[in-house]
Amino acid sequence: MPSLPQNVKKPTESRHFFCPKSSFPPRLEDSPCPLSSSIYGHITHNSLTPISVARLSPAGATAMSSFRAAVFLLLLAVASAHDYHDALRKSILFFEGQRSGKLPPDQRVKWRRDSALRDGSTVGRDLTGGYYDAGDNIKFGFPMAFTTTLLSWSIIDFGRTMGPELKNAVKAVRWATDYLLKVTVDPGVVYVQVGDAFSDHNCWERPEDMDTLRTVYKIDRDHPGSDVAGETAAALAAASIVFRSRDPSYSALLLNRAVRVFEFADTHRGAYSSSLHAAVCPFYCDVNGYQDELLWGAAWLHKASRRRVYREYIIKNEVVLHAGDTINEFGWDNKHAGINVLISKEVLMGRADYFENFKQNADGFICSLLPGISHPQYLSGGLIFKAGGSNMQHVTSLSFLLVAYSNYLSHSNKAVPCGSHSASPALLRQLAKRQVDYILGDNPLRMSYMVGYGERYPQRIHHRGSSLPSVKAHPARIHCKEGSLYFLTPNPNPNRLVGAVVGGPNVTDAFPDSRPYFQESEPTTYINAPLVGLLSYFSAHS
């Protein structure tokens, strides 16, 4: 989670800003870079061949012309020949750098060592393992469960094109599910966080050294958390599909646990950020409500189990749990778009007309992303941009849904109706590919936002383990405040966290390659999880 050691100011000497080349536009307040001008050059009519247009009125023609122009500009980036399989390999490797607990013999990120081996001891449970969510040393259950769900969905939809990396992707899922089984071992209880975030964020320590509070936080019948429990049920159910043929007994364990956790989430309703506000806010507050996680969990249980009870639950609660709300959002806090895309597959396959409303919602979501008529802003470099920091989480999650839905549409020979025009599956894939290519280097700065990919990539990411000397290089403990020297240095991080995708550029397409700028320079597991599926698809379809 974005974090800055307390009492440490952002140092001007370590601000390594990369700015797009432009001398005309004015600078934004508090930005060292001018607003970027367009980099696309001339427009060709053929760029919009996927769009079909009905007969329009003069007003409609004007609107359509604006829509065409917007799509032209977005898709006309100067594309490079990217090695998507290499990027896929690295995006999966990143998760090994985020591991907590006792590391296995086949650990490939060698500068990491065992950490947090006593997690759970204060409550008499083994809560070791799992992932650190980002650049700190906390195990936040809500984003970890979402990461697991998206990694599983990536394998379910795109695993067949992962090649030799499929086994590593499956290992990444199992590292998470082994932990999720531990935190749900007690009926009516889910351990949702290990570590005091305020204590952790007051230090800059390696996970191998940390001596901050490892407080365990839980939800139960008296302190409900339908959001995090619903997401945990979704993760377990989705992962049960991944292991269905690979390890049937483990798959059954995951599915049975998902059923139990979902029942707890639905029976004892409430938001975990209300029950545990002091611990989880402002880090991973559920500002969107828990209703979407209940539908999300039911949708994955329906897909995993094919039990009628979950189909009936979805139909019965579609309106009550607000399935159509805020359809242009998808992330660890808001599942609405994901719910509609996931359920729509059955409609498009001709198997579930009773879910038609979800398909209409999914179509609305797709239309909301189209440039020229969309809610999200597109930077002049072509990237989807939403305010609030760690923007790449939106880029990868929304792009994943574009490709997943495009595949469902292709199999049913359908397009998305958007008012007076429609968007074909090919267009959706083009839009998603433009986002992936931006991440990999087709952007105004000509730099990759994935560490270790390409010739130019972030060097000073906001990540404790990466920025501090490894245990091998510096065997002596580095205490809480001693790490500030490494946080403040303008030198590149000594340990390369290969595959980490950072938060990304700011609204001017500029990037501060500097640890204090955590909104731009911090990687997270939930940025990478959907990117795994995207890279797998484009490695076979580019």
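Residues numbered from 1 in each chain as written. Predicted model: local features only at pLDDT ≥ 70, side-chain atom pairs only at ≥ 80, totals over all residues. Heavy atoms only, no water.

J.: Give a description of the environment of Gln360 that names residues and reports values.
T.: One can find Gln360 in helix 13 (residues 356-369). For Gln360, a relative accessible area of 47% gives the class partly exposed. For the pair Gln360 and Gly324, spaced 36 residues apart in sequence, the C-alpha to C-alpha distance is 9.1 Å. (Helix = DSSP H or I, 4+ residues; strand = E, 2+ residues; numbered from the N terminus. Buried < 20%, exposed > 50% of the residue type's maximum accessible area, 1.4 Å probe, protein only.)

J.: Describe the layout of surface pockets, with residues and values.
T.: Of the pockets and cavities examined, the largest pocket occupies roughly 440 Å³. What lines the largest pocket is a set of 22 residues, and nearest its centre among them are Trp332, Gly388, Gly389, Gln393 and His394. Where the lining of the largest pocket is concerned, the elements lending two or more residues are helix 14 (392-412) and helix 18 (518-521). Broken down by element, the residue count for the lining of the largest pocket peaks at 3 residues, all from helix 14. Considered class by class, the residues forming the lining of the largest pocket number 9 nonpolar, 10 polar and 3 charged. (1 Å grid on protein atoms, 1.4 Å probe; cavity = no way out; pocket = protein on both sides within 12 Å on 5 of 7 lines; lining within 4 Å. Points joined across faces, edges and corners; volume = space filled by probe spheres on them. Nonpolar A, V, L, I, M, F, W, Y, C, P; charged D, E, K, R; others polar.)

J.: Break down the sheet that holds strand 4 (residues 189-194) for me, with residues and values.
T.: If you trace the 3 strands from one edge of the open sheet to the other, you get 3-4-5, paired in antiparallel fashion. Looking along the sheet, the strands with just one partner apiece sit at the ends: strand 3 (139-140) and strand 5 (216-220). Strand direction decides the pairing type here: strand 3 and strand 4, joined by 2 bridges, are antiparallel. Its bridge partner being in strand 4, Lys139 is matched across the sheet by Val194. (Pairing = 2+ DSSP bridges.)

J.: Describe the UniProt feature "active site" (unreviewed entry) in the protein, naming the residues involved and giving the relevant values.
T.: UniProt's entry tags His462, Asp513 and Glu522 with the feature "active site" (unreviewed entry), counted in the numbering of this structure. Considering the C-alpha atoms alone, the annotated residues occupy 61 residues of sequence yet fold into one spot, their largest mutual distance being 10.0 Å. Within the fold, Asp513 resides in the loop between strand 10 (511-512) and helix 18. Polar side-chain contacts of Asp513 include one of 3.0 Å to the backbone nitrogen of Gln459. Within the secondary structure, Glu522 sits in the loop between helix 18 and helix 19 (525-540). Here the side chain of Glu522 touches Gly135 through a polar contact of 2.8 Å, landing on its backbone nitrogen. (UniProt positions renumbered as here; feature names shortened; annotations may be inferred. Polar contact = N/O pair within 3.5 Å; in protein donor to acceptor, adjacent residues only side chain to side chain.)

J.: Lay out the environment of Val395 with the relevant residues and their values.
T.: Of note, Val395 is situated in helix 14. Given the relative accessible area of 1%, Val395 is considered buried. It is 9.1 Å that separates the C-alpha atoms of Val395 and Ile439, two residues lying 44 residues apart in sequence. Filtering out sequence-adjacent residues up to four positions away, Val395 remains in contact with Leu383, Ile384, Gln435 and Ile439. (Contact = heavy atoms within 4.5 Å.)

J.: A description of helix 13 should follow, citing residues and the corresponding values.
T.: With 14 residues, helix 13 extends 21 Å from end C-alpha to end C-alpha; this agrees with the ideal 20 Å at 1.5 Å per step. Helix 13 sits mainly inside the fold: 10 of its 14 residues count as buried. Its buried side turned inward, helix 13 meets helix 11 (308-317), helix 12 (336-348), strand 6 (377-378), helix 14, strand 8 (416-418) and helix 15 (425-440). (Expected span 1.5 Å × (residues − 1).)

J.: Tell me what's going on with the packing of aromatic side chains, and back it up with residues and numbers.
T.: According to the stated counting rule, one finds 27 aromatic pairs in the structure shown. With a centroid separation of 5.0 Å and 85° between ring planes, the pair formed by Phe243 and Tyr250 is classed as edge-to-face. Here the aromatic cluster, defined as three or more aromatic residues joined through ring pairs, consists of Tyr84, Phe146, Trp153, Phe158, Trp296, Trp300, Phe330, Phe400, Tyr537 and Phe538. The ring of Trp175 is capped by Arg99, whose NZ or CZ atom sits 4.5 Å from the centre of that ring. The lysine or arginine in question, Arg311, covers the ring of Tyr354, its NZ or CZ lying 5.0 Å from the ring centre. (Phe/Tyr/Trp six-rings, centres within 6.5 Å; stacked < 30°, edge-to-face > 60°. Lys NZ or Arg CZ within 6 Å of the ring centre and 35° of its normal.)

J.: Which residues make up the packing of helix 10 (residues 291-305) against helix 11, and what are the values?
T.: Where helix 10 meets helix 11, the closest approach of the two axes is 8 Å, and the angle between their N-to-C directions is 150°. Considering their axes alone, helix 10 and helix 11 lie roughly antiparallel with respect to each other. Crossing geometry of helix 10 relative to helix 11 is assigned as left-handed. Along the contact surface, helix 10 presents Leu294, Leu295, Ala298, Ala299, Leu301, His302 and Ser305, while helix 11 presents Tyr310, Arg311, Tyr313, Ile314 and Asn317. Residue classes in the contact of helix 10 with helix 11 are distributed as 8 nonpolar, 3 polar and 1 charged. (Axes fitted to C-alpha atoms, helices over the stretch in contact; angles between N-to-C directions. Parallel < 35°, antiparallel > 145°, perpendicular 65-115°, else oblique. Left-handed = near helix turned anticlockwise from the far one by under 90°.)

J.: Hey, could you go over empty space enclosed by the protein for me, with residue numbers and the actual values?
T.: Evaluation of the coordinates by the stated rule reveals 2 cavities of 30 Å³ or more. By volume, the largest cavity amounts to about 50 Å³. Along its surface, the largest cavity is lined by Gly97, Gln98, Arg112, Tyr132, Ala134, Gly135, Asp136, Asn137, Pro207, His463, Arg464 and Gly465. Of the residues belonging to the lining of the largest cavity, the class tally is 3 nonpolar, 6 polar and 3 charged. There is about 40 Å³ of room inside the second largest cavity.

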